[in-house]
Amino acid sequence: STLADAMEAILGAVYIDGGVLAAQSFVLKHWADEIQTLKEEPFDMNPKGELQELLQGTGGESPTYRIIAADGPDHAKLFQAIVVWKGQDLGCGSGMSKKQAQTAAAQDALSNKRLKLVLSESVKSAI
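In what follows, the accompanying structure is described. These numbers come from a predicted model, not from an experiment.

Definitions and cut-offs
Each chain has its residues counted from 1, running along the sequence as written. With the structure being a predicted model, the display of local features is reserved for residues of pLDDT at least 70 and the display and counting of side-chain atom pairs for 80 or more, all residues being used for whole-chain, interface and lining totals. Only heavy atoms go into the side-chain values, all of them from the structure, while hydrogens and water stay out. Here, axes are lines fitted to C-alpha atoms. For helices the fit covers the stretch in contact, and angles between N-to-C directions go from 0 to 180 degrees. Note on conventions: DSSP H or I runs of at least 4 residues are helices, E runs of at least 2 residues are strands, and numbering of each starts at the N terminus. Here the angle decides the label: under 35 degrees means roughly parallel, over 145 means roughly antiparallel, 65 to 115 means roughly perpendicular, and every other value means oblique. Whether two residues are in contact is decided by their heavy atoms, any of which lying within 4.5 Å being enough. For two strands to be treated as a pair, DSSP must find at least two bridges joining them. Only Phe, Tyr and Trp rings are paired, with Trp represented by its six-membered ring, and only when their centres lie within 6.5 Å; those with planes under 30 degrees apart are stacked, over 60 edge-to-face, the remainder tilted. Working definition: with a 1.4 Å probe on protein chains only, accessible area under 20% of the residue-type maximum means buried, over 50% means exposed, and in between means partly exposed. Two conditions define a charge sitting above a ring: the NZ of Lys or the CZ of Arg must be within 6 Å of the ring centre, and it must be within 35 degrees of the ring normal.

At a closest axis distance of 6 Å, the pairing of helix 1 (residues 2-18) and helix 2 (residues 20-30) adopts a crossing angle of 140 degrees. In terms of orientation, helix 1 and helix 2 fall into the oblique class. Residues Met7, Ile10, Leu11, Val14, Tyr15 and Gly18 of helix 1 lie in contact with helix 2, whose contacting residues are Val20, Ala22, Ala23, Phe26 and Val27.

Shown next as structure tokens:
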């Protein structure tokens, strides 16, 4: 939050000092990779919601998330999370906030072949 506030202040100062073109240039220079990634893979999906719907649809139970590590200084902590369902770890992820780490863990679970195996076992045991 503090880092975001600082970046907002810097961008605002660039805009006030140099105008919209200077601000645009600043953004494009510092976030070119992120902008390109968003162009190629829009991030309008919700991995946590998608995973929850998938798992609840097969077993009626929501996944849980656990923060397993938090490393680094307070202003630049890196969190690691795992997503667990019915006692099994489905995915892990990291991020600069707990929410980002949980979202990365959900995304990892959705792309993980182990999830398909766990789901098929769950369906078989329900029959």
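Where strand 1 (residues 64-71) meets strand 2 (residues 78-85), 7 bridges bridge the pair, whose relative direction is antiparallel. Across the sheet, Ala70 pairs through a bridge with Phe79, a residue of strand 2. Taking the residues that link successive antiparallel strands as the turn, the strand 1-strand 2 hairpin has 6 residues, and the phi of Gly72 there is positive, at about 105 degrees.

To continue, consider the packing of aromatic side chains. All told, the structure shown has 1 aromatic pair when counted by the stated rule. Each ring, one from Phe26 and one from Trp31, has its centre 6.0 Å from the other, and the planes form 75 degrees; the classification is edge-to-face. Judged by its relative accessible area of 27%, Trp31 falls in the partly exposed class. It is Lys48 that lies over the ring of Tyr65; its NZ or CZ is 4.9 Å from the centre.

With that settled, consider the sheet that holds strand 1. Reading across from one edge, 1-2-3 is the order of the 3 strands in this open sheet, with antiparallel pairing throughout. The two strands at the open ends of the sheet, each matched to only one other strand, are strand 1 and strand 3 (88-95). The sheet shows a mean angle of 20 degrees between the axes of neighbouring strands, direction not considered. Looking at chain direction, strand 2 and strand 3 are connected through 7 bridges and run antiparallel. Across the sheet, the residue bridging to Trp85 is Gln88, located in strand 3. Along the sheet face, helix 5 (residues 98-110) touches strand 1, strand 2 and strand 3 and points at about 135 degrees away from the line of strand 3.

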